[in-house]
There are 2 protein chains.
Amino acid sequence: MGHAEYSNTPLSSRMGFLLVRSALRVRQRYVNELSTIGLLPNQHAILSTLNELGPCHQKELAARIDLDTGDIVAYLDGLAEAGYIERNRDPADRRRQIVSLTPSGTRILAIADLALDEVEAETFACLALPERKAFGHNLNTLYESLTS
Amino acid sequence: MGHAEYSNTPLSSRMGFLLVRSALRVRQRYVNELSTIGLLPNQHAILSTLNELGPCHQKELAARIDLDTGDIVAYLDGLAEAGYIERNRDPADRRRQIVSLTPSGTRILAIADLALDEVEAETFACLALPERKAFGHNLNTLYESLTS
DNA sequence: TATTGTTATACTCTATAACTATA
DNA sequence: TATAGTTATAGAGTATAACAATA
């Protein structure tokens, strides 16, 4: 007299569910760690991308991080106010802003990266090295497929 | 005369970043698909879990889905209003609500599951079958580690 | 680019009621 | 009983972030 059985896909075998739930937990770890530094995860992503690419336009930044072009404005406002980035109009196309890292931004990024390296090491320690590498590779494939 | 080079971990090699970003995209697909049915992703998760476990208490439900015990209330309110679940006080412990699926809830779950099966098939089609299986296994390990 | 508003979600804190254990 | 501590649910407020529409 238990409940009826159905052939529905169980939640725990849905990769989408596992992915979304795991990501929420991981993001929370990012938020907690970065909050002691005064950065939001998306702000760290912006600093990290600027460090990798050098000065670039807001639109390019947004595309690289998969951020909405409207939403990036507020994150940049915060970073500029803290003195971590500078925005300058592109003389070649004055609609555009050229965003660049300041020395202070470079310093805070180094601190944030060290902290996040630790978070990641702890977070993915449940996977042995070969699995972790394969997982990272598959994640990359998935991300590329989802954002292309 | 390029920008300076630093040894910071690049964003694109951070599994946390790839995980969180991919999950946001996948969740959006869930939201879009389920919105035509009138369900939120968390409401689908509730229905799916009830179908798997049979009637159970709110707290048990929340723990299984990794939902905040405060936040589950509103989702259940919506489901009850739509007639998909019933809440009854547990006579053995009147603080508790026993949540159970209605026939109508069972029907909508079947419809939602079919739709989500398609979403998942498309989403993870970028991984070949062996990789997809390994990825799912690793995701499971990660989820268990993060929620235990 | 920037602004505004909406949506989805999680998190924190607090309130209420009901249970448990104990003096 | 009476009291104190705990638990299950509920509600309000806030934070992060995506998305849509518009200026």
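Residues numbered from 1 in each chain as written. Chains lettered and ligands numbered in written order. Predicted model: local features only at pLDDT ≥ 70, side-chain atom pairs only at ≥ 80, totals over all residues. Heavy atoms only, no water.

We now examine the protein's contact with DNA strand C. Surrounding DNA strand C, one finds 21 residues, the nearest of these being A:Arg21, A:Arg96, A:Gln97, B:Arg27 and B:Arg94. A distance of 2.8 Å is found between a phosphate oxygen of DNA strand C and a side-chain nitrogen or oxygen belonging to A:Gln58. Contact distances for DNA strand C include 2.9 Å between a base nitrogen and a side-chain N or O atom of B:Asp71. Looking at the surface near DNA strand C, the elements that each hand over two or more residues are helix 1 (15-35) and strand 3 (93-101) of chain A together with helix 2 (41-53) and strand 3 (93-101) of chain B. (Near = heavy atom within 4 Å. Polar contact = N/O pair within 3.5 Å; in protein donor to acceptor, adjacent residues only side chain to side chain. Helix = DSSP H or I, 4+ residues; strand = E, 2+ residues; numbered from the N terminus.)

Time to look at the packing of helix 1 (residues 15-35) of chain B against helix 5 (residues 103-123) of chain B. Each packed pair of helices is defined by two parameters, the angle between the axes and the distance between the axes. Residue and element names in this part refer to chain B. Relative orientation of the contacting elements helix 1 and helix 5 amounts to 145°, with a least axis distance of 10 Å. You can see that helix 1 and helix 5 cross each other, and the crossing is right-handed. In this structure, helix 1 uses Val26, Arg29, Tyr30, Glu33 and Leu34 to contact helix 5, whose residues at the interface are Ala112, Ala115, Leu116, Val119, Glu120, Glu122 and Thr123. Broken down by class, the residue content of the contact of helix 1 with helix 5 amounts to seven nonpolar, one polar and four charged. (Axes fitted to C-alpha atoms, helices over the stretch in contact; angles between N-to-C directions. Left-handed = near helix turned anticlockwise from the far one by under 90°. Contact = heavy atoms within 4.5 Å. Nonpolar A, V, L, I, M, F, W, Y, C, P; charged D, E, K, R; others polar.)

Counted under the stated rule, the structure contains twelve salt bridges over all chains. Between B:Arg25 and A:Asp66 there is a salt bridge, with the nearest N and O atoms lying 2.6 Å from each other. Of the two residues, B:Arg25 sits in helix 1 while A:Asp66 sits in the loop between helix 3 (58-65) and helix 4 (72-81), which places them in two different chains. For B:Arg25, a relative accessible area of 32% puts it in the partly exposed group. Here A:Asp66 falls in the buried class, since its relative accessible area comes to 19%. What you see here is one network of salt bridges that share partners, running through A:Arg14, B:Asp113 and B:Asp117. (Salt bridge = Lys/Arg side-chain N within 4 Å of Asp/Glu carboxyl O. Buried < 20%, exposed > 50% of the residue type's maximum accessible area, 1.4 Å probe, protein only.)

Further remarks concern the packing of helix 3 of chain A against helix 4 of chain A. Residue and element names in this part refer to chain A. Across the interface, helix 3 lies against helix 4 with an axial gap of 11 Å and an inter-helix angle of 110°. Compared by their axis directions, helix 3 and helix 4 come out roughly perpendicular. Residues Gln58, Leu61 and Ala62 of helix 3 form the contact with helix 4, whose participating residues are Ile72, Val73 and Leu76. A class-by-class count of the residues in the contact of helix 3 with helix 4 yields five nonpolar, one polar and no charged. (Parallel < 35°, antiparallel > 145°, perpendicular 65-115°, else oblique.)

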